[in-house]
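Coordinates in review
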Amino acid sequence: MGREGCVPLSLPLRRSHPPRQVEHPADDEHVLAGKAILPQIAGDAHASQLFRAKLDQRTAELVSALLHDLSDAAIRKSGVVRTTTWLLRLGQGERARETFLSARGRLVRKRARQIKFEGDISMYISELAMVCFTLIKNTCEWYMAALKDNSMASGASPLSFHRARSLSFRTR
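The notes below deal with the structure included here. (Residues numbered from 1 in each chain as written. Predicted model: local features only at pLDDT ≥ 70, side-chain atom pairs only at ≥ 80, totals over all residues. Heavy atoms only, no water.)

**What about the overall build of the chain?**
Helices and strands together make up the secondary structure of the chain, namely seven helices and zero strands. When contacts within the chain are restricted to residue pairs at least 6 apart in sequence, those whose partners lie at least 24 apart make up 74%. Of the roughly 10,400 Å² of accessible surface on the chain, a fraction of 57% belongs to carbon and sulfur atoms. (Helix = DSSP H or I, 4+ residues; strand = E, 2+ residues; numbered from the N terminus. Contact = heavy atoms within 4.5 Å. Areas by Shrake-Rupley, 256 points an atom, 1.4 Å probe, with all protein chains shown as cover.)

Right under this line is the structure:
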């Protein structure tokens, strides 16, 4: 029996856009340094207000870029861990978790739809199971590596039930 319809899990995905060259670590450090400066300028209400507005804007831009990177289907485990660490430092752990799990759910559905049915139902089910369960296993490993903190890792219970339902074998 051939594996003609099987989606190879080891081949990298093609990116529809070139890799972004955003310096997230430097941006992250600037945002955190800016938060440290806020108490020092609290005496000047006008300067504090302007600084806070600019800091909030830069923080929102950085979080948006990081969440976009985290939702990329071509991201690797090291990228997930690094990006999630930055989001946790910025207090965006919940959004990181939701973005990561949503992106992985979309990837499971996409890969399941790529499997071609060529008449042999047992081969199709075997390939579908291989793709889905391998991706779910990898998602769990990446999740636990990225969200080591107990408060964030406790989201594994929603992963187990709520996300398992959304990662189900819907291939429509």
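Read on for the rest.
**Regarding the pattern of salt bridges**
Any two side chains of opposite charge can pair, on the condition that their charged atoms come close. Overall, the coordinates contain four salt bridges when judged by the stated rule. Here Asp-56 ties to Arg-52 by a salt bridge, and the two come within 3.4 Å at their closest N and O atoms. Placement of the pair is Asp-56 and Arg-52 together in helix 2 (residues 45-70), with a separation of four residues, close to one helical turn. Accessibility expressed as a relative area gives 38% for Arg-52, which makes it partly exposed. A salt bridge links Arg-97 to Glu-94, with the nearest nitrogen and oxygen atoms 2.5 Å apart. Placement of both Arg-97 and Glu-94 in helix 4 (residues 93-114) is noted, with a separation of three residues, approximately one turn of the helix. The exposure class assigned to Glu-94 is partly exposed, which follows from its relative accessible area of 46%. (Salt bridge = Lys/Arg side-chain N within 4 Å of Asp/Glu carboxyl O. Buried < 20%, exposed > 50% of the residue type's maximum accessible area, 1.4 Å probe, protein only.)

**A few points about the packing of aromatic side chains**
Within the structure shown, the criterion is met by one aromatic pair. Its end group placed over the ring of Trp-142, Arg-104 keeps NZ or CZ at 4.5 Å from the ring centre. (Phe/Tyr/Trp six-rings, centres within 6.5 Å; stacked < 30°, edge-to-face > 60°. Lys NZ or Arg CZ within 6 Å of the ring centre and 35° of its normal.)

**Details of a nonpolar patch on the surface**
Together, Phe-117, Ile-121 and Ile-125 give the surface a local cluster of nonpolar side chains, amounting to about 310 Å² of exposed area. Position of Ile-121 among the secondary structure elements: in helix 5 (residues 121-146). (Patch = residues over 30% accessible without salt bridge, like charges linked within 9 Å, V, L, I, M, F, W, Y side chains within 5 Å.)

**Focus: empty space enclosed by the protein**
Following the criterion strictly, the structure yields one cavity of 30 Å³ or more and no others. The volume enclosed by the largest cavity comes to roughly 50 Å³. If you go around the largest cavity, the residues you meet are Leu-70, Asp-72, Ala-73, Ile-75, Phe-100, Ala-103, Arg-104 and Leu-107. (1 Å grid on protein atoms, 1.4 Å probe; cavity = no way out; pocket = protein on both sides within 12 Å on 5 of 7 lines; lining within 4 Å. Points joined across faces, edges and corners; volume = space filled by probe spheres on them.)

**Section: the nonpolar core**
Leu-66, Leu-70, Val-80, Leu-87, Leu-90 and Phe-100 are the most contacted members of the largest nonpolar core, which has 20 residues in total. Looking at this core, the elements that each hand over two or more residues are helix 2, helix 3 (77-89), helix 4 and helix 5. Looking at this core, the element that brings in the most residues is helix 2, giving six residues. (Core = buried A, V, L, I, M, F, W, Y, C linked by side-chain atoms within 4.5 Å.)

**What to know about the environment of Gln-92**
In this fold, Gln-92 is placed in the loop between helix 3 and helix 4. Between the C-alpha atom of Gln-92 and that of Val-63, which follows or precedes it by 29 residues, the distance is 7.7 Å. With residues near it in sequence (within four places) discarded, Gln-92 still touches Val-63 and Leu-87.

**Some remarks on the packing of helix 2 against helix 4**
It is the contact of helix 2 with helix 4, at a shortest axis distance of 9 Å, that shows an interaxial angle of 30°. Judged on the interaxial angle alone, helix 4 and helix 2 are roughly parallel. Of the two elements, helix 2 crosses helix 4, and the hand of that crossing is right-handed. Here Val-63, Leu-67 and Leu-70 of helix 2 come into contact with helix 4, specifically with Arg-95, Ala-96, Thr-99, Phe-100 and Ala-103. (Axes fitted to C-alpha atoms, helices over the stretch in contact; angles between N-to-C directions. Parallel < 35°, antiparallel > 145°, perpendicular 65-115°, else oblique. Left-handed = near helix turned anticlockwise from the far one by under 90°.)

**Here's the deal with the side chain of Thr-59**
Relative to the helices and strands, Thr-59 is located in helix 2. Within the local environment of Thr-59, its side chain forms a polar contact with the backbone oxygen of Leu-55, the two atoms lying 2.8 Å apart. (Polar contact = N/O pair within 3.5 Å; in protein donor to acceptor, adjacent residues only side chain to side chain.)

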